[in-house]
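Results of the structural survey
Read off the chains here:
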Amino acid sequence: MSAPATEPASTAPDAAPPEPRYVPLRTAVRALLRKELALELRAPQAVPAMALFSVTTLVVFHFALQRGVVDGDLASGVLWVTLLFAAMLGISRLFVADHEEGGLDGFLLAPTDRTALLVAKAVGLFAFLVALEVVAVPAFALLLLGPSPSFGAYAQLAVLLLLADAGIALVGTLVGAIAVQTRTRDLIVPLMALPLLIPVVIAAARGTSPLVLQGGSQGLEVRWLFVLGLYDLVFGLLAYALFDYLIED
Amino acid sequence: MLYGTRLRALSIATLVTMTAALALAFFYAPMDADQGFMQKIFYIHVPMGIVALCGFVWGGINAIQHLRTRDAKYDLRSYVAIHLSLILGAGVLVTGSIWAKASWGHWWVWDEPTLVSFLIVFLLYATYQPMRFSIEDREKQARYASVFAITAGAFVPLNFIAVRLAQAYTHPRVFATADGGLPAKMQLPFYLSLLGMTLLYITLWRYEMASKNTSAKLRALRRKLAGDDAVAPVGRTAAPSLPTT
């Protein structure tokens, strides 16, 4: 009677503790991304701030440049400076909630790959940037842009924007994760991210200026798409290789 | 590793090579047909730029080693490499600016891709020390600095490609021009100067490593002799600290 009862008890210490169920990357990314978007939808913080900032910056440009309308390389420059500076706001907020509310510690306890957080944060930031551009580009066209580009030109601009957003999202995730650990977070983000993003600005601004010329837009040069693609690839690989080291302990 | 050994020999070799390179540059190399005497700054400016960039990349390589081994000594190597490259980088920007004024009449020329790329790289690395300084936890500081050093090291070539694509080719591209590049009589002083600058970098790097290591050892000895309380704790600093055990 007692022998069979003690049998399982004696083997229990030898048996390994139940394996923590490993959460596949895709599931983890989906959960984290849902959290990211739910937070922003319930208490909108980053996107409205970025959108409002971009419109304000356009107004500032109107007065600083003393122009009612812009076109060509000036228009391209105004658009990209506005988008880039607005993106800085999103980057410096990216990890703040997780850092302050213990989300990072919770994530580290979960049996999953840390890359999941990188992917979720980068995709989340990418979505925020797209949302920003949905507001900022029409506002720019309405407030400052002189020529009215064709639908085709806007489509080409959208391709440029998406490729540039991918680069900004990857660099932003890396820089945001570094900056959130420093005492001077909001100072470090623009200082570090702006030089890193100069290749993006070069390619995006050069690519955009023929699209917004006064006498009808010329085609987009494909080589700028290649530069942006190369940039996204290099920083994608770098972020993948280095992100694990940024969220230890 | 003992960084303090053979420092005297290294210093003398640096001094001799630099002196010989400058002597050759001034008295042996022919006067440039277009730019005249001002072209002599080339023998300082270009080797300095090459060595500074290599130093940045080398800092990145040491940072990779640091992340792989978690050994604080690689962090110190990476820190000293980047720190010295920043000093050389300031020199590159100043000499480049002087050269631009002499040959194009402006202190700063935007359509000169190499100098512009260098400025961007310099501005990026200028955030290295503030970033280190604002992370208090020593282990975290080292880890984050390494991640930054690797990212920035990989950024250097990418940035050069992007800036070069964006601008006209006005920089004197001494090695890639169709008419054969640098004349033979200019090559010897140039390569000697490059060697001298490399030696200078290595010498300074070893001096600083030796100094930092010695201070750490001294602290450890003091702590052993007089007890932990007798040695004041290290204040907040951007410099990496070696384990004082």
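This section reports on the structure supplied with the text. (Residues numbered from 1 in each chain as written. Chains lettered and ligands numbered in written order. Predicted model: local features only at pLDDT ≥ 70, side-chain atom pairs only at ≥ 80, totals over all residues.)

Moving on, we get to the overall build of chain A. When helices and strands are counted, chain A shows eleven helices and zero strands. By its C-alpha atoms, chain A is 95 × 35 × 30 Å across when sized along the principal axes. The 249 residues of chain A split such that 44% are buried. (Helix = DSSP H or I, 4+ residues; strand = E, 2+ residues; numbered from the N terminus. Buried ≥ 20, exposed ≤ 12 C-beta atoms within 10 Å, placed from the backbone.)

With that settled, the discussion passes to the packing of helix 4 (residues 72–93) of chain A against helix 7 (residues 115–143) of chain A. All names here are of chain A. Contact pair helix 4 / helix 7: the axes reach a minimum separation of 10 Å and the direction vectors enclose 145 degrees. Between helix 4 and helix 7 the crossing geometry is right-handed. Counting all contacts with helix 4, which are made through Leu 79, Thr 82, Leu 83, Ala 86, Ala 87 and Gly 90, the residues of helix 7 involved are Leu 125, Phe 128, Leu 129, Leu 132, Glu 133, Ala 136 and Phe 140. Of the residues belonging to the contact of helix 4 with helix 7, the class tally is ten nonpolar, two polar and one charged. (Axes fitted to C-alpha atoms, helices over the stretch in contact; angles between N-to-C directions. Left-handed = near helix turned anticlockwise from the far one by under 90°. Contact = placed C-beta atoms within 7 Å. Nonpolar A, V, L, I, M, F, W, Y, C, P; charged D, E, K, R; others polar.)

Turning to the interface of chain A and chain B, a few remarks are in order. Each partner contributes residues to the interface: chain A has 24 residues there, and chain B has 24 residues. Mapped by element, the contributors of at least two residues to the side of chain A that touches chain B are helix 8 (151–179), helix 9 (185–196), helix 10 (198–208) and helix 11 (222–246) of chain A. At eight residues, the largest contribution of residues to the side of chain A that touches chain B is made by helix 11 of chain A. Its residues placed into classes, the side of chain A that touches chain B shows 18 nonpolar, three polar and three charged.

Looking now at the packing of helix 7 of chain A against helix 8 of chain A. Residues and elements named next belong to chain A. As a packed pair, helix 7 and helix 8 sit with axes 8 Å apart at the nearest point and diverge in direction by 135 degrees. It follows that helix 7 is oblique to helix 8 by the angle criterion. For helix 7 against helix 8, the interelement crossing comes out right-handed. Here Leu 118, Lys 121, Ala 122, Leu 125, Phe 126, Leu 129, Val 130 and Glu 133 of helix 7 come into contact with helix 8, specifically with Leu 161, Asp 165, Ala 166, Ile 168, Ala 169, Leu 170, Gly 172 and Thr 173. In terms of residue class, the contact of helix 7 with helix 8 is made up of eleven nonpolar, two polar and three charged. (Parallel < 35°, antiparallel > 145°, perpendicular 65-115°, else oblique.)

Residues and elements named next belong to chain B. Over its 43 residues, helix 7 (residues 184–226) runs 63 Å from end to end, which matches the ideal 63 Å to within 8%, given 1.5 Å per residue. On its buried side, helix 7 packs onto helix 1 (7–28), helix 2 (42–69) and helix 3 (72–104). Just beyond helix 7, the residue with positive phi is Gly 227, at close to 90 degrees. (Expected span 1.5 Å × (residues − 1).)

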